[in-house]
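Fold and contact review
Chain by chain, the residues:
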Amino acid sequence: MDNWRVAVLGDGGVGKTALAVQFTLNCFVEDAYRRQLVVDNKMCFVEVIDTAGQEEYASLRDQWVREGQGFILVYSIASRSTFDRLEIFRQSMRKVKRGDPIFMLVGNKCDKTYEREVSRDEGRALARQFGCEFVETSAKTAENVERLFTDLVRALRQTRSIESGPTSAQEPQKPKKKNKCIIM
C-alpha cells in the first residue's frame, strides 16, 4: 500500500476543509484528515493537510507545503478574488518545493451556479497555463471529490514510477520526465 500526503491550498472560505472532510469522512461539515482507498486496484492511504488560507499563516503554510507530496490548489467559483490570488499560492508552492510539484487546480462550490463569478473555461485556461489538471467540485454535494483525489493519486504514482526507473537490470533506462500535471 502506498501513502500520500496532500496539501490543500487556497484562500480562506473556498472550501478546503469541506473538501478534506467530504473525501475522508464522506460528509459535509463546516478541520489532519486521513482515508484509505483503492485506486486502480491498489490500496493507498491519503492524509490531507488542511492549510490555512489567511496571510497570517504564511510561515505555517510553507511548512505544510514542505511536508506535502501532492497539492490541490482551490478557489471558489463564486469568488473572483480567490481565483485571482491563485498565482500567489502557486508561486509559494513552487518556491518551497523548488520546482514544479504535482498539483490539481480545483474550482470548488460548483453547486452555487447561481453565484458563479469564475467560468469553467477560465478555470481550464488557468490550468493549461499552470500545466496541471483541472476539475470543478462541490464539497457540499460530493460532486467530483472522489475523482479529484483519485486523479491526484494516479499522478503521484506516475511520478513515482518515472523517478524510480526500471525494476529490472535488463530493462533499458528511460529518460526521466519532468514532474508535470495532467490537463483534462
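Read on for an overview of the structure. Treat the numbers as computed from the prediction; the structure is a model and nothing was measured.

1. Digging into the packing of aromatic side chains
With the rule as written, the count across this model stands at 3 aromatic pairs. Ring centres 3.7 Å apart and planes at 15 degrees place the aromatic pair Phe 23 and Phe 149 in the stacked group. Phe 149 shares its class with Phe 23; the two are buried. Judged by centre distance (4.9 Å) and plane angle (70 degrees), the ring pair of Tyr 75 and Phe 83 falls under edge-to-face. When sorted by exposure, Tyr 75 lands in the same class as Phe 83, which is buried. One residue, Arg 35, lies across the ring of Phe 23, its end atom 4.8 Å from the ring centre.

2. Examining the nonpolar core
Of all hydrophobic cores here, the largest spans 29 residues; its most connected members are Val 46, Val 48, Ile 72 and Phe 149. Broken down by secondary-structure element, the contributors of at least two residues to this core are β1 (2-9), α1 (16-25), β2 (33-39), β3 (42-50), β4 (70-76), β5 (102-108) and α6 (145-164). Here this core takes 7 residues from α6, the largest share from any one element. The contact partners of Val 46, leaving out residues within four places of it in the chain, are Trp 4, Val 6, Phe 23, Tyr 33, Arg 34, Arg 35, Leu 37, Phe 149 and Val 153. Counting residues in hydrophobic clusters, the runner-up holds 22 residues, among them Leu 73, Met 93, Val 96 and Ala 127.

3. Notes on the environment of Ser 79
By secondary structure assignment, the location of Ser 79 is in the loop between β4 and α3 (80-84). Judged by its relative accessible area of 17%, Ser 79 falls in the buried class. It is 9.7 Å that separates the C-alpha atoms of Ser 79 and Lys 109, two residues lying 30 residues apart in sequence. Sequence-distant contacts of Ser 79, defined by excluding residues within four places in its chain, comprise Glu 117 and Val 118. Polar side-chain contacts of Ser 79 include one of 3.2 Å to the side chain of Ser 81.

4. Comments concerning the pattern of salt bridges
Taken as a whole and judged by the stated rule, the model has 13 salt bridges. The partner of Arg 124 in a salt bridge is Asp 121, with the nearest N and O atoms 2.9 Å apart. Of this pair, Arg 124 and Asp 121 both sit in helix α5 (residues 120-130), 3 residues apart, which is roughly one turn of the helix. For Asp 121, a relative accessible area of 52% corresponds to the exposed category.

5. Concerning α1
A turn of α-helix holds 3.6 residues, and therefore any two residues three or four places apart point the same way. The buried count for α1 comes to 9 of 10 residues, which makes it a mostly enclosed element. Inspection of α1 places Lys 16, Thr 17, Ala 18, Leu 19, Ala 20, Val 21, Gln 22, Phe 23 and Thr 24 among the buried residues, and these make up the whole buried set. Directly after α1, the chain includes Asn 26, whose backbone phi takes a positive value near 55 degrees.

6. Digging into the pairing of β4
With 7 of 7 residues buried, β4 is to be regarded as a mostly interior element. Of the two faces of β4, the one carrying Gly 70, Ile 72, Val 74 and Ser 76 and the one carrying Phe 71, Leu 73 and Tyr 75 are both buried. By the bridge criterion, 4 bridges tie β1 to β4 in an arrangement that is parallel. What sits directly across from Val 8, in β4, is Ile 72. For β4 and β5, the ladder comprises 7 bridges, and the chain directions are parallel. Bridging from a neighbouring strand, Phe 71 pairs with Phe 103 of β5.

So, how was this worked out
- Residues numbered from 1 in each chain as written.
- Predicted model: local features only at pLDDT ≥ 70, side-chain atom pairs only at ≥ 80, totals over all residues.
- Heavy atoms only, no water.
- Phe/Tyr/Trp six-rings, centres within 6.5 Å; stacked < 30°, edge-to-face > 60°.
- Buried < 20%, exposed > 50% of the residue type's maximum accessible area, 1.4 Å probe, protein only.
- Lys NZ or Arg CZ within 6 Å of the ring centre and 35° of its normal.
- Core = buried A, V, L, I, M, F, W, Y, C linked by side-chain atoms within 4.5 Å.
- Helix = DSSP H or I, 4+ residues; strand = E, 2+ residues; numbered from the N terminus.
- Contact = heavy atoms within 4.5 Å.
- Polar contact = N/O pair within 3.5 Å; in protein donor to acceptor, adjacent residues only side chain to side chain.
- Salt bridge = Lys/Arg side-chain N within 4 Å of Asp/Glu carboxyl O.
- Pairing = 2+ DSSP bridges.

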